[in-house]
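# Structure at a glance
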Amino acid sequence: MAMIVLSGIRKVFNAGKPNEFCALEGITATIEPNRTTVLKGPSGSGKTTLLSILGCMARPTSGRIFLGEREITSLPERFLTEIRRKTFGFIFQQFHLIQRLSALENVMIPAYPLGEPKEKIRDRAMELLSLFDVGRKASSKVEWLSGGEAQRVAIARALINDPATLIADEPTAHLDSGLSREFLEIARHLEERGKTVIIASHDPLVFDADRVAKVIPMRDGRIVSEGAS
Amino acid sequence: MNRAGRQRNILDFTLSSLLRRKGRNAALVLVYAFVVFLLSSVVFLGLSLKEEAQSVLADAPEIVVQRLAAGRHDMIPESYLAKVREIPGVRTAKARLWGYYYEPLTGANYTVMADENFPYGRKSVVLGNGVERHLPPMVGRTLPMRAYDGSYRFMQIRETLSSDSELVSSDLILMTVEDFRDLFRIPEGVGTDLVLSVANPREVSTVARKITEILPDTRPITRAEVLRTYDAIFDWRGGMIVACMSGALMAFIILAWDKATGLSAEERKEIGILKGLGWETSDVILMKFWEGVAVSLFSFLLGILLAYVHVYFGSTSLFEPALKGWSVLYPDFRLKPVITPYMVSVLFFLTVVPYTIATIVPSWRAATTDPDTVMRA
Amino acid sequence: MMQCRESTAFFLSAAVGLALLLLLFAHAGWRERAGRKSLEEKREIVRALGLTDLCLFTEARYTRHPAMADRFTPFQDHPFSLEHFPSASLFRPPPHLSGP
Ligand SMILES: Nc1ncnc2c1ncn2[C@@H]1O[C@H](COP(=O)(O)OP(=O)(O)O)[C@@H](O)[C@H]1O
Ligand SMILES: [Mg+2]
């Protein structure tokens, strides 16, 4: 299980154009393995941008990223994708389930290109759905699911390739307090099973939760001050 | 990474994606299959007629000599026969007597021919199967034929040519030479044209050239030219073929255009999600490839199967109005099926390949977007 | 809930389609053999009467006997007859007429 180290990350959008915008500046941080880390900050502070850089989805304009001993900053796209699908599972803010497919099929999607036998993928997907209490909804089309169910399906999908790290962007934005707590419960459960969890949120319910190992407060693309551990 | 497993998994996903829009994709396959059907029907019909012509007319006269008068095909004096026979290489030469007969009761056009070896006597006819089929109902076994002077000759119908030979004989009315001359007032000593047989096939063109020298008012038509005439049938430049083909082509272009420009917002979004979930660009392209193959392969198979059934079991009934045109008599023949690996592969490459490409290309840009776009949408 | 994989169904139906396509080849071969007798019959008539054309379109002289048509025949039947008869547009003018 590898630690993720960010050093001097800077991200500029539309570089050189009149609408040039610096979304991240001088981000240096360490993400401990097997812990929950929360990126906290108001909307527009650069959390999503940082998550996508962390998760090998986007490249920083400058700065370096280490995954354990290995520097992954300048790996070619193919290798990045390879690392990403083995190491990270994503839960998007809007869930982004594929409409008119069943919950089960949605969960299986990230595993397809790896070429595993489909039965195995299916078994694992069913297991995950049952684990998150949505086993009964496996064959329902995703548009019929409630917000909480949809999120659980999205979590199951993020875990189908058994990644070490789970990345969630504003996971409680579409949930009421009860469901938000349930989400945190799931996150804790995953942490106990040895996963690293990284959450971006501006919801106090999330970053005030007692089991959160580390909070990284952000504002205007910078880290403001280290949170308590 | 397991390659075959990846292919199958992605194919599975593609198919269940396609099945989400059953109605739309079924309609797509049907329209597309119809285009293939039209195209293949024309190809089947054309190839069959060409092949049939080549084999059936292989024994046509080596040279036919027509006389032209003021640009019009005119009767040829039998005295020309002697001159033609003197040309070295000519084995036999004889005059044919034939023409057209408009049957006023049915409004049909028939080909009337005098047969030197006509087995029955005068006032008898042998009919092609198509003529027999179209006999006016009140006629028994006697066919009244209107002669040049407006009077009628009552011809005994003695025999009908076999239906197997309809492709060459459907509209024939055969009779004796004497009856033919009598019916149309063709004087003795002239024929419609001359037919020659030439001993050595390599001498045919020499003989033909000599004929134009010796008899400048005639025109020789060699068997090779006859056969080439039938190679020109169903040529793609023919008016109706152009209309049909361009219709098919237009339909196809519209389909492809719809594909190429119509990568819907939804599809684009889905590709973005797949990228975000760790699919590589090549995985997305593979998916689109299978999508194109699935749609076009089934359309192709469906279209070509239906076309075969249409042309060889259904007598090309869909094209009949065009083929029949204004003629009353429409020969009823079963064509010999012609299907070759070459033709099937040409049709395959004309249909499956462009469509698959048209499916892949527009998704290329969507497939190469950065995966992080899905984080903000 | 164990159902047949979509790809299996795809390959099966593609195989059925291809098998049918092969069946067409078999059918064509069979019809060709079955049609030999009638081909011989047609050739016999062609030989006996010295025929030069197929009886496909009986609309006009130059569609009934395209090989025998001369350069001007189409216009003898009707000034606009090139457009008049649908079957005429299935043919290119015979090569020996369109040549120099
Ligand atoms: N692709 C982009 N082009 C230009 N500006 C962007 C782009 N993505 C994000 N930004 C800007 O970067 C800033 C940080 O955005 P984001 O990381 O989404 O913040 P948060 O997730 O904390 O709300 C915002 O002001 C946003 O407008
Ligand atoms: Mg955000």
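Sequence positions are assigned chain by chain, starting from 1 and proceeding in written order. Each chain gets a letter, beginning with A, and each ligand a number, beginning with 1, in the order they are written. Residue-level local features of this predicted model are given only where pLDDT is at least 70; pairs of side-chain atoms are given and counted only at 80 or more, and the full residue set underlies all totals for whole chains, interfaces and linings. As a rule here, side-chain values cover all heavy atoms of the structure and leave hydrogens and water aside.

### Brief notes about the sheet that holds strand 6 (residues 88–91) of chain A
Residues and elements named next belong to chain A. Each pair of strands is called paired provided DSSP finds at least two bridges between the two strands. Note on conventions: DSSP H or I runs of at least 4 residues are helices, E runs of at least 2 residues are strands, and numbering of each starts at the N terminus. With respect to topology, six strands assemble into an open sheet ordered 6-7-8-3-9-10, the strand pairing being mixed. Whereas interior strands pair on both sides, the edge strands pair on one side only; in this sheet they are strand 6 and strand 10 (222–223). Pairing between strand 7 (residues 165–169) and strand 8 (residues 196–201): five bridges, direction parallel. In the sheet register, Ile-167 faces strand 8, and the bridge partner there is Ile-198. Working rule for contacts: check all heavy atoms of both residues, and any pair within 4.5 Å makes them a contact. Here an angle of 0 to 180 degrees is reported between the N-to-C directions of two axes, which are lines fitted to C-alpha atoms, with helices fitted over the stretch in contact. Contacting strand 3 (36–40), strand 6, strand 7, strand 8 and strand 9 (214–219), helix 1 (residues 47–54) crosses the sheet at an angle of about 155° to strand 8.

### Concerning the packing of aromatic side chains
The geometry of an aromatic ring pair is captured by the separation of the ring centres together with the interplanar angle, meaning the angle of the planes. In summary, the pairing rule links any two rings of Phe, Tyr or Trp, Trp by its six-membered ring, whose centres are within 6.5 Å, and it sorts them by plane angle into stacked for under 30 degrees, edge-to-face for over 60 and tilted for everything else. In the structure shown here, the tally under the stated rule is 20 aromatic pairs over all chains. Here the aromatic cluster, defined as three or more aromatic residues joined through ring pairs, consists of Phe-289, Trp-290 and Phe-298 of chain B together with Phe-10 and Phe-11 of chain C. We count a charge as sitting over a ring when the NZ of a lysine or the CZ of an arginine lies within 6 Å of the ring centre and within 35 degrees of the ring normal. The residue whose ring lies beneath Lys-40 of chain A is Phe-207 of chain A, and the NZ or CZ to ring-centre distance is 4.6 Å.

### Digging into the site of ligand 1
Taken together, 13 residues lie near ligand 1, and Gly-44, Lys-47, Thr-48 and Thr-49 of chain A together with Arg-376 of chain B sit nearest. Throughout, the term near means that a residue has one or more heavy atoms lying within 4 Å of the molecule or strand in question. Around ligand 1, the nearby residues trace back to chains A and B. At a separation of 3.2 Å, an oxygen atom of ligand 1 approaches a polar backbone atom of Ser-45 of chain A. Under this definition, polar contacts are N or O atom pairs within 3.5 Å; protein pairs additionally need one hydrogen-donor-capable and one acceptor-capable atom, and for neighbouring residues in sequence, both atoms have to be side-chain atoms. Measuring from an oxygen atom of ligand 1, one finds a side-chain N or O atom of Thr-48 of chain A at 2.6 Å. All accessible-area figures derive from a Shrake-Rupley calculation using a 1.4 Å probe, and residue coverage is judged against the displayed protein chains alone. Summarising the interface, the protein chains cover 69% of the accessible area of ligand 1, which totals 560 Å² for the free molecule. Of all elements in the fold, only strand 2 (21–31) and helix 1 of chain A reach the threshold of two or more residues within the shell around ligand 1. Element by element, the count of residues in the shell around ligand 1 is highest for helix 1 of chain A, at three residues.

### Digging into the interface of chain A and chain B
In this assembly, 34 residues from chain A lie in contact with 30 residues from chain B. Buried area is calculated as the accessible area (1.4 Å probe) missing from two parts once they are joined, with the contributions of both summed. Around 2900 Å² of area is buried between chain A and chain B when both sides are counted, 57% of it from carbon and sulfur atoms. Counting every contact that joins chain A to chain B gives 14 residue pairs in polar contact (both at pLDDT 80 or more). Of all elements in the fold, only helix 1, helix 2 (77–87) and helix 4 (118–131) of chain A reach the threshold of two or more residues within the side of chain A that touches chain B. Amino acid classes used here: Ala, Val, Leu, Ile, Met, Phe, Trp, Tyr, Cys and Pro are nonpolar; Asp, Glu, Lys and Arg are charged; the rest, including Gly, are polar. Partitioning the side of chain A that touches chain B into residue classes produces 15 nonpolar, eight polar and eleven charged.

### A few points about the pairing of strand 3 of chain A
Note on strand geometry: in a regular strand, side chains alternate between the two faces of the sheet. Residue and element names in this part refer to chain A. Burial classes: relative accessible area under 20% of the type maximum marks a residue as buried, over 50% as exposed, and values in between as partly exposed (1.4 Å probe, protein chains only). Across the five residues that make up strand 3, a large majority, four, are buried. Bridge count between strand 3 and strand 8: five bridges; the pairing is parallel. The partner of Lys-40 across the bridge, within strand 8, is Ser-201. In the sheet, strand 3 pairs with strand 9 via four bridges, with the strands oriented parallel.

### Quick notes on the interface of chain B and chain C
Contacts between the two partners involve 86 residues from chain B, matched on the other side by 60 residues from chain C. With both chains or domains summed, chain B and chain C bury close to 6700 Å², and 65% of this area falls on carbon and sulfur atoms. Counted as salt bridges are all cases of a side-chain nitrogen of Lys or Arg within 4 Å of a carboxyl oxygen of Asp or Glu. Here chain B and chain C share seven salt bridges between them. A salt bridge links Arg-5 of chain C to Asp-12 of chain B; the nearest nitrogen and oxygen atoms lie 2.6 Å apart. Joining chain B to chain C, the criterion identifies 26 residue pairs in polar contact (both at pLDDT 80 or more).

### Notes on the packing of helix 11 (residues 281–313) of chain B against helix 13 (residues 341–367) of chain B
Residues and elements named next belong to chain B. Packing of helix 11 against helix 13 brings their axes to within 8 Å, and their N-to-C directions diverge by 150°. Relative to helix 13, the element helix 11 is oriented roughly antiparallel. For the pair helix 11 and helix 13, the crossing hand works out as right-handed. Considering only residue class, the contact of helix 11 with helix 13 consists of 16 nonpolar, seven polar and two charged. Throughout, the term roughly parallel applies to angles under 35 degrees, roughly antiparallel to angles over 145, roughly perpendicular to angles from 65 to 115, and oblique to all others. A clockwise turn of the near helix away from the far one marks a right-handed crossing, whereas an anticlockwise turn of less than a right angle marks a left-handed crossing.

### Topic: the pairing of strand 9 (residues 152–160) of chain B
All names here are of chain B. Note that strand 7 (residues 124–127) and strand 9 share four bridges and pair parallel. Counterpart to Ser-124 in the pairing with strand 9 is Gln-156. Judged from the five bridges that link them, strand 8 (residues 142–146) and strand 9 form a sheet pairing that is antiparallel. Counted as the bridge partner of Leu-143 is Met-155 from strand 9.

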